[in-house]
Every structure is written in structure tokens, then in C-alpha cells.
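# Results of the structural survey
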Amino acid sequence: MLRSYVYLLRTPGVLCGPLGGASPPAGDSWALPAERNRKGTPALGSLRDVGLWSAGRGGWLRLRPRSYSSEVVHVDHSLPNPSWSKDMRLIFDQFMKKSEDSSWKRLPSYKFTSSKRLEEVKTFFPDAKPVKEEPLSQARLFPRSFEEGLGFEYAMFHNHVENRTVCILQGGPYLQGIPGFLHGGAIATMIDSTVGMCALITGGAVMTANLNINFRRPIPLCSVVVINSQLDKIEGRKLFVSCNVQSVDEKTLYSEATSLFVKLDPKKSSP
């Protein structure tokens, strides 16, 4: 018995799997330890694995060999989680209701960029210096780089008919600027992300060329705001998008912004 446990501990791998279970889960799916679904259990992938299970102090732990594959299990982080406030969940549910007639569509959001997407971006910058594989494999989308509830908690919805993108944002405690309020750079990040998504859905591969923000009032930390963006016009490769940041009750205007995005041309090394 002792030898079997020694063998398990020597097996090159990482611990993953639901804690608190009475028996090992059935099936042959595997999970990445850093990615968990909204019920707290590991997100399931589609690759087969011959991983071993061992009883841990809090439940069953799974040992699996390290994989050097570039494939990553993508988990949608725009779904409700326990850190969401009542206001955040309320607005989210309202937009989900609007999505029932297909006038609005919820946009999924992931931490990691797929290898396919990465290769597509490289085609627009053929002269860019290559990045080492190791740091690139650790890259995450900036707004999704914080632990749940500590940074950016948000969900986006898009209306294809009206060319509008809305972002519901709850800024966590790690985004503080002046005491008690959201950092200006944090709201600028989400404004850029929202207007950028609006431009991307319409124009394809785009990059921010200009972003002007007028900060009207500071946003209380951990409060919920709604970022409303609208595609104003298109001139050739240029897309003009504007937006405002409001309180949930729409009575307080926190920020306004205008932006210019340029559609990338694979024949050119710069936008």
C-alpha cells in the first residue's frame, strides 16, 4: 500500500479535480487546475487522459501527466459567479431576457487566446520580432487576469441591428485608485475593451488608433456601472465608436468617450 502511494506521488503531474467528492468522478475527461466552472468544479476538456486518482484530505485528487500540448480548455468567464452583486446579476438577467428574441447576444469571454487567433494576428504584423514560446504560453487577457471578484467582473452584450455593445462592469477591490474609488486606468481599460468589441464585430480585425475620455465623476469601488457603446460611422478602414458610462439607474453619468479604430490590412505591417 505504501509503495503504491509513493508511486503516485512520484508520478510527474499536477493535482486537479473536485474536492469533497466521495468517489472519483466517472468518465475520462480531464481538467485544468487553473480553470473552474461557475459551480466550483474543474472545467472539463475533451482530451482523453489516463490520470490516476488518490484520496486527499478534502476529497479525491487527480494526478495526471504534464501535457505540453498548446491546447487550452477555454472557460467562459462572462457568466455569473458568487462575487457578483445583486445589481450586477439583475442587469445581466435583464439583458439575457432581451437575448431571447435574438435582438441582443451575450458575448463569451475567455482568459486565454487560442493558437489559431494568435496566428491570425501575426499575419498583420509580419515584421514583428518573434516572442519566446514560454512567456507567450502564460499570456492572459488583461481584464481576466485577476482572481474572481478582485478585479474586472464584466459581461458584454451586442445588438447587431443597432450596432451597439453594452458592458456590465463591477470593479473589484484590486482596482482602487483614490481611496474608495475605481482607478481611472481601470475604467479606461474597460471603455477601450467595450468600444473595441463594438468595432471588431463590425469591422473584423481592428486596433485602437485614438481614444478620448472625459471623466465626469469617480466610480465607487465595487459598484456596478453600464458601459454603452455605439458605432457612429465608417469611413473606409476607419470606424468611429462612442460610449458613455452610467450608473445602473441611469441617473449618474460617470464618463464619456469617443474612439477611432482602424481595420487592419494584412498587406501592411502597421494599421
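Every value quoted in this text rests on a predicted model; they were computed, and no experiment measured them.

### Some details on the pattern of salt bridges
All chains considered together, the criterion is met by six salt bridges. Residue Asp 93 pairs with Arg 89 through a salt bridge whose shortest N-O separation is 3.1 Å. Taken together, the residues Asp 93 and Arg 89, both in helix H2 (residues 86-98) and four residues apart, mark about one turn of the helix. Taking the relative accessible area as the measure of exposure, Asp 93 reaches 37% and is therefore partly exposed.

### Some details on the side chain of Asn 159
By the secondary structure assignment, Asn 159 is in strand S7 (residues 152-159). Classification of Asn 159 by relative accessible area gives buried; the value is 3%. At a separation of 3.3 Å, a polar atom in the side chain of Asn 159 contacts the main-chain carbonyl oxygen of Ser 103. In terms of polar contacts, Asn 159 uses its side chain to reach the backbone amide nitrogen of Val 161, at 3.0 Å. When sequence neighbours within four positions are dropped, the list of residues in contact with Asn 159 reads Ser 103, Trp 104 and Arg 164.

### Some thoughts on the pairing of strand S12 (residues 253-263)
Walk down a regular strand and you will see the side chains alternate between the two sheet faces. Bridging between strand S9 (residues 206-215) and S12 involves nine bridges; their strand directions are antiparallel. Directly across from Val 206, in S12, lies its bridge partner Lys 263. Looking at chain direction, strand S11 (residues 238-247) and S12 are connected through nine bridges and run antiparallel. Paired with Val 245 across the two strands is Ser 255, which belongs to S12. Adjacent in sequence and paired antiparallel, S11 and S12 are bridged by five residues, among which Glu 250 carries a positive phi angle near 65°.

### What to know about the confidence of the model for the protein chain
A low pLDDT score tells you not to read the predicted coordinates there in detail. Of all residues in the protein chain, 61% attain a pLDDT of 70 or more, and the chain-wide mean is 75. When mean pLDDT is taken per element in the protein chain, S11 scores highest with 97 and strand S1 (residues 14-16) scores lowest with 34. Scored below 50 in pLDDT, residues 1-71 shows 120 contacts in the model against residues more than four places distant or in partner chains.

Cut-offs applied
- Residues numbered from 1 in each chain as written.
- Predicted model: local features only at pLDDT ≥ 70, side-chain atom pairs only at ≥ 80, totals over all residues.
- Heavy atoms only, no water.
- Salt bridge = Lys/Arg side-chain N within 4 Å of Asp/Glu carboxyl O.
- Helix = DSSP H or I, 4+ residues; strand = E, 2+ residues; numbered from the N terminus.
- Buried < 20%, exposed > 50% of the residue type's maximum accessible area, 1.4 Å probe, protein only.
- Polar contact = N/O pair within 3.5 Å; in protein donor to acceptor, adjacent residues only side chain to side chain.
- Contact = heavy atoms within 4.5 Å.
- Pairing = 2+ DSSP bridges.
- pLDDT = per-residue confidence, 0-100.

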